[in-house]
Each structure stands twice: as C-alpha cells, then as structure tokens.
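An overview of the molecular structure
Below are the chains, spelled out letter by letter.
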Amino acid sequence: YPGIAVTVCNKDIYMVYPHEILYIAIEDRKSVLYMTDRKIETHCSMDYWKEVLDEKSFAQPHYSYIVNLNYVADVTKDFVKVRYGDKEELVYASSRKIGSFKKAVVEFGK
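The structure reproduced in this document is the subject of the present report. The model shown is predicted, which means the values in this text are computed figures rather than measured ones.

Things to note about the environment of Tyr48
- With respect to the secondary-structure elements, Tyr48 resides in helix α1 (residues 46-52).
- Considered as a pair, Tyr48 and Gly109 are 61 residues apart in the sequence and their alpha carbons are 25 Å apart.
- Non-local contacts of Tyr48, meaning those with residues more than four positions away in its chain, are made with Ile4 and Ala5.

A few points about the environment of Ile24
- Within the secondary structure, Ile24 sits in strand β3 (residues 21-27).
- Leave out the neighbours within four places in its chain, and Ile24 touches Ser31, Val32, Leu33, Met46, Trp49, Leu53, Ser64, Tyr65 and Ile66.

Here's the deal with a nonpolar patch on the surface
- Side chains of Phe79, Leu90 and Tyr92 sit close together on the surface and give an oily, nonpolar patch of about 300 Å² of accessible area.
- Along the chain, Tyr92 falls in strand β10 (residues 87-92).
- According to the relative accessible area criterion, Tyr92 is partly exposed, its value standing at 47%.

Side note on unusual backbone geometry
- In this structure, Asp28 is a non-glycine residue whose phi angle is positive, near 50°.
- In this structure, Asp28 sits in the loop between β3 and β4 (30-35).
- Under the relative-accessibility criterion, Asp28 is labelled exposed at 72%.
- With a phi close to 60°, Arg29 is a non-glycine residue in the positive phi region.
- Tracing the sequence through the fold places Arg29 in the loop between β3 and β4.

With respect to the pattern of salt bridges
- This structure, assessed with the given rule, holds 6 salt bridges.
- With a closest N to O distance of 3.9 Å, Lys81 and Glu88 form a salt bridge.
- Relative accessible area serves as the criterion here: at 43%, Glu88 is assigned to the partly exposed category.
- Here the salt bridges do not stand alone but share partners, grouping Lys81, Arg83 and Glu88 into one network.

What counts and how
- Residues numbered from 1 in each chain as written.
- Predicted model: local features only at pLDDT ≥ 70, side-chain atom pairs only at ≥ 80, totals over all residues.
- Heavy atoms only, no water.
- Helix = DSSP H or I, 4+ residues; strand = E, 2+ residues; numbered from the N terminus.
- Contact = heavy atoms within 4.5 Å.
- Patch = residues over 30% accessible without salt bridge, like charges linked within 9 Å, V, L, I, M, F, W, Y side chains within 5 Å.
- Areas by Shrake-Rupley, 256 points an atom, 1.4 Å probe, with all protein chains shown as cover.
- Salt bridge = Lys/Arg side-chain N within 4 Å of Asp/Glu carboxyl O.
- Buried < 20%, exposed > 50% of the residue type's maximum accessible area, 1.4 Å probe, protein only.

Structure, rendered in structure tokens:
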C-alpha cells in the first residue's frame, strides 16, 4: 500500500502506511491514529479517512472509530477486540453499525 501524507496537530507531516494503523478514533475533535508502534493526532475528519482507506480492509463498528480488519481478534455486540503482538485494545461498537461491521469481518476473511 502507498503511504498517506498526514499533517499532525503540531504541523509536522508523517507518512502513514495503512497496514500500520490498528484503528482510528475521534477524541477531542481530533482523529487519533493508533498504530503498531505509535499514536498520531491529526485534524483529518472521519470522512477523510473513509475516503483514503481501503473499504475492504477497514470498517466502522461505531461512528467514532474505524478499525483495520487485519487486527480484529474478536467481535461482541458492544466491543471489537483489536490485537497486535501483545497489545490488545477494546473499541466500542454501536448497535446501529455492528451488523455491517460483522459482515465486513466475514467478507474480509474470505
């Protein structure tokens, strides 16, 4: 995958590679990229991320989150467990989005 040039909150520019993104969360009106080796805060909108990330590899279990399907370890009605190495995080899932998210996980696994 090609890198995405991202301007972070302190105005530095980073190259971000989609395969390094575990998930993206909206926090304090910023989008925060939780990555395999670091966390990056940007002012990019969720709509921006939905546009630039491959919809086959990324899905939304909740309005405020986009998850990389490569790192999904488990899905319940309330949470998505994201795992990378020994790092494990829970991401909220909403009742409105969990059905389509589970479908995306199944499609991704084929």
